[in-house]
Amino acid sequence: MGRRVVVTGIGLICAVGNSTEKVWESLLAGRSGVGRITHFDAAQFACQIAAEVKDFDPLQFVEKKELKKMGRFIHLALCAADQAMKMSALQVTPENAENIGVHIGSGIGGFDVIEREHSNLLTGGPRKISPFFIPAAIVNLAAGQVSMRFGAKGPNEATATACTTSAHSVGDSFRIIQHGDADAMIAGGAEASITPMGIGGFAAMRALSTRNDDPEKASRPWDTARDGFVVGEGSGILILEELEFARRRGAKILAEIVGYGMSGDAYHMTQPAPGHEGGFRVMRNTLRDAAIQPDQVSYVNAHGTSTPIGDTLEAQAIRNFFGERKVPISSTKSMTGHLLGGAGGLEAGITVLALRDQILPPTINLENQEPETAGMDFVPNHSRKAHVEYALSNSFGFGGTNGALLFKRWTDQ
């Protein structure tokens, strides 16, 4: 099994809040962060709504002269990492720096930078391309910038597995610590794809909600009126530590990570396999890794994007895996939108907070539950107190890549 790994810090920023506790407060209150797009003029787009981070000042985290050297996804990652490190009170010192690593991924990276520099090329020629274009845009520079910010000299990695990215980042960090290659990891993901090409590309696939006149109701997993997902932006970062390393420094432990699973569908570019058998296998593999049984899991934070096909198939996989037991399930994407590569980190943090406070966040906008999911408990519209010992977080991505994380309520035993 390897060394035990615990969570000691969480940093969250998304459409419903710019800090971990504000995000959590908003989710428990059932507030939607979806609104009309303000990052660019979306009047000509079929989808004109998104879950934008609001009132975010990157100058709180980045010096002005460094600002254009980083894409927005890096700004968001630095914000979340700063919060997570402060919560954990982890100090990187010359003595421990080589044993503290960073694993932060992004599904797309600096889309905003790519679009800006392409425009510079078209209007001014190649001499107008910024010398910082590549390091501002490439996926691994969120991890790189965070490692430089804190002086973390251990493993430095980035994953890009579409919407499973940051679940894989957290899970791989768990394995790195278990294996002894680090004592602590700054792990998660970030995404900032609310750009003309980002929205336009997903809209061309007809994957997005076009409920433009009622944006707060647009993301509605498992509701019969759902019509697609809502693009969100933000970052979710966790501080993972080897248990004895955390104990020696007197860290406040939030939860233990006890299982990580992966699977591949090998079926279709964007659609899950029939019955979402890849989702079934990733949950099976995660619980097998933790050596626990399905009846021990008390909550599932679902992938639940609000797409017509995806929601139904994930529900089938969950029902097939847990049987007729009515395990509570919720999709917080109903409030945050879908952070793409940042979703798994955000939702892992939310799952840990549910364990910490013994409260389940709701699935909002669930007015008419689809008949195929009759009898399933999606924690509709209102948060709920509950006793939760083990909680599962699911993530699925284009290309049939699946990841799941299992967390356990922390009791100092």
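Treat the numbers as computed from the prediction; the structure is a model and nothing was measured.

### Some thoughts on the side chain of Ser263
No. 1: With respect to the helices, strands and loops of the structure, Ser263 is situated in strand β8 (residues 255-264).
No. 2: Within polar-contact distance, the side chain of Ser263 engages the side chain of Asn402 at 2.9 Å.
No. 3: The residues contacting Ser263, other than those within four sequence positions of it, are Gly278, Arg281, Val282, Asn285, Gly400, Thr401 and Asn402.

### A look at the sheet that holds strand β9 (residues 297-301)
No. 1: Spatially, ten strands are ordered β5-β4-β6-β7-β1-β8-β14-β13-β9-β10 in an open sheet, and the strand pairing comes out mixed. Looking at which strands have only one partner, the edges of the open sheet turn out to be β5 (156-157) and β10 (329-330).
No. 2: Summarising the sheet, strand β6 (residues 184-191) and strand β7 (residues 234-242) pair through eight bridges and their orientation is antiparallel. Bridging across to β7, Ile186 finds its partner in Ile239.
No. 3: Together, β4 (100-105), β5 and β6 form the strand contacts of helix α5 (residues 141-150), whose direction differs from that of β4 by roughly 150°.

### Looking at the state of the cysteines
No. 1: For the coordinates displayed, the defined rule picks out zero disulfides.
No. 2: Cys14 carries a free sulfur, and the closest cysteine sulfur to it, the one in Cys79, is 11 Å from it.
No. 3: By relative accessible area, Cys79 is classed as buried at 2%.

### Topic: the pattern of salt bridges
No. 1: In this structure the tally under the stated criterion is 23 salt bridges.
No. 2: Ionic pairing is found between Glu256 and Arg4, a salt bridge with its closest N-O pair at 2.9 Å. Of the two residues, Glu256 sits in strand β8 while Arg4 sits in the segment before β1 (5-13), which places them 252 residues apart along the sequence.
No. 3: Two residues, Asp357 and Arg356, come together in a salt bridge whose shortest N-O distance is 2.8 Å.

### With respect to the packing of aromatic side chains
No. 1: Inspection of every chain in the model, using the stated rule, returns seven aromatic pairs.
No. 2: Taking the centre distance of 5.5 Å and the plane angle of 80° together, the rings of Phe280 and Phe321 count as edge-to-face. In this pair, Phe280 is assigned in helix α9 (residues 277-290) and Phe321 in helix α10 (residues 308-322), connecting sequence segments 41 residues apart.
No. 3: Between Phe321 and Phe322 the ring centres are 5.0 Å apart and the planes differ by 90°, which places this aromatic pair in the edge-to-face class. The exposure classification of Phe321 matches that of Phe322, with both residues buried.

### Section: the side chain of Ser330
No. 1: With respect to the helices and strands, the residue Ser330 is situated in strand β10.
No. 2: At a separation of 2.9 Å, a polar atom in the side chain of Ser330 contacts the main-chain carbonyl oxygen of Pro361.
No. 3: Apart from the residues lying within four places of it in its own chain, the contact partners of Ser330 are Trp222, Tyr299, Val300, Asn301, Ala302, Pro361, Pro362, Thr363, Phe378 and Val379.

### Section: the pairing of strand β14 (residues 401-409)
Two faces belong to every sheet, and in a regular strand the side chains alternate between them.
No. 1: Burial runs high along β14: eight of the nine residues are buried.
No. 2: For β8 and β14, the ladder comprises nine bridges, and the chain directions are antiparallel. In the sheet register, Ser263 faces β14, and the bridge partner there is Asn402.
No. 3: Across eight bridges, the pairing between strand β13 (residues 390-397) and β14 is antiparallel. Following the sheet pairing, Tyr390 is matched in β14 by Lys408.

### Some words on the nonpolar core
No. 1: Counting residues in hydrophobic clusters, the biggest one holds 41 residues, and the most contacted among them are Val7, Leu238, Leu240, Val352, Leu405 and Phe407.
No. 2: Elements with a minimum of two residues in this core: β1, α1 (20-28), α6 (165-179), β6, β7, β8, α12 (343-357) and β14.
No. 3: For this core, the element with the most residues is α12, which contributes eight residues.
No. 4: Residues within four places of Val7 in sequence aside, it is in contact with Leu238, Ile239, Leu240, Lys252, Ile253, Leu254, Ala255, Val352 and Phe407.
No. 5: Val62, Ala84, Ala152 and Ala192 belong to the second-largest nonpolar core, a separate cluster that totals 33 residues.

### Things to note about the environment of Ile199
No. 1: Positionally, Ile199 belongs in helix α7 (residues 196-204).
No. 2: Separated by 29 residues in the primary sequence, Ile199 and Val170 place their C-alpha atoms 27 Å from one another.
No. 3: Ignoring any residue separated from it by four or fewer positions in sequence, one finds Ile199 in contact with Ile37, Phe40, Phe45, Cys47, Ser193, Ile194, Leu208 and Val231.

### Re helix α3 (residues 111-124)
No. 1: The first and last C-alpha atoms of α3 sit 20 Å apart over 14 residues, in line with the 20 Å expected at 1.5 Å per residue.
No. 2: Of all the positions in α3, only Phe111, Val113, Glu115 and Glu117 are classed as buried.
No. 3: Its buried side turned inward, α3 meets α4 (133-137) and α7.
No. 4: At the exit of α3 stands Gly125, carrying a positive phi of roughly 85°.

### Digging into unusual backbone geometry
No. 1: Phi is positive for Ala162, which is not a glycine, with a value near 55°.
No. 2: Positive phi, normally seen in glycine, also occurs at Ala291, with a value near 60°.
No. 3: Tracing the sequence through the fold places Ala291 in the loop between α9 and β9.

### Here's the deal with α10
No. 1: For α10, built from 15 residues, the straight-helix expectation of 21 Å at 1.5 Å per residue is met to within 8% by its first-to-last C-alpha distance of 22 Å.
No. 2: All of the buried residues in α10 are Gly310, Asp311, Thr312, Leu313, Glu314, Ala315, Ala317, Ile318, Phe321 and Phe322.
No. 3: Contact partners of the buried residues in α10: α9, β9, β10 and β13.

### Concerning the pairing of β4
No. 1: Of all six residues in β4, six are buried, a share of seventy percent or more.
No. 2: Neither face of β4 is open: one carries Ile100, Val102 and Ile104, the other Gly101, His103 and Gly105, and all of them are buried.
No. 3: Bridge count for β4 against β6 is six bridges, and the pairing is parallel. Within the sheet, the bridge partner assigned to Ile104 lies in β6 and is Gly188.

Each value, and the rule that gives it
- Residues numbered from 1 in each chain as written.
- Predicted model: local features only at pLDDT ≥ 70, side-chain atom pairs only at ≥ 80, totals over all residues.
- Heavy atoms only, no water.
- Helix = DSSP H or I, 4+ residues; strand = E, 2+ residues; numbered from the N terminus.
- Polar contact = N/O pair within 3.5 Å; in protein donor to acceptor, adjacent residues only side chain to side chain.
- Contact = heavy atoms within 4.5 Å.
- Pairing = 2+ DSSP bridges.
- Axes fitted to C-alpha atoms, helices over the stretch in contact; angles between N-to-C directions.
- Disulfide = S-S within 2.5 Å.
- Buried < 20%, exposed > 50% of the residue type's maximum accessible area, 1.4 Å probe, protein only.
- Salt bridge = Lys/Arg side-chain N within 4 Å of Asp/Glu carboxyl O.
- Phe/Tyr/Trp six-rings, centres within 6.5 Å; stacked < 30°, edge-to-face > 60°.
- Core = buried A, V, L, I, M, F, W, Y, C linked by side-chain atoms within 4.5 Å.
- Expected span 1.5 Å × (residues − 1).

Coordinates in, geometry out; function isn't part of it.
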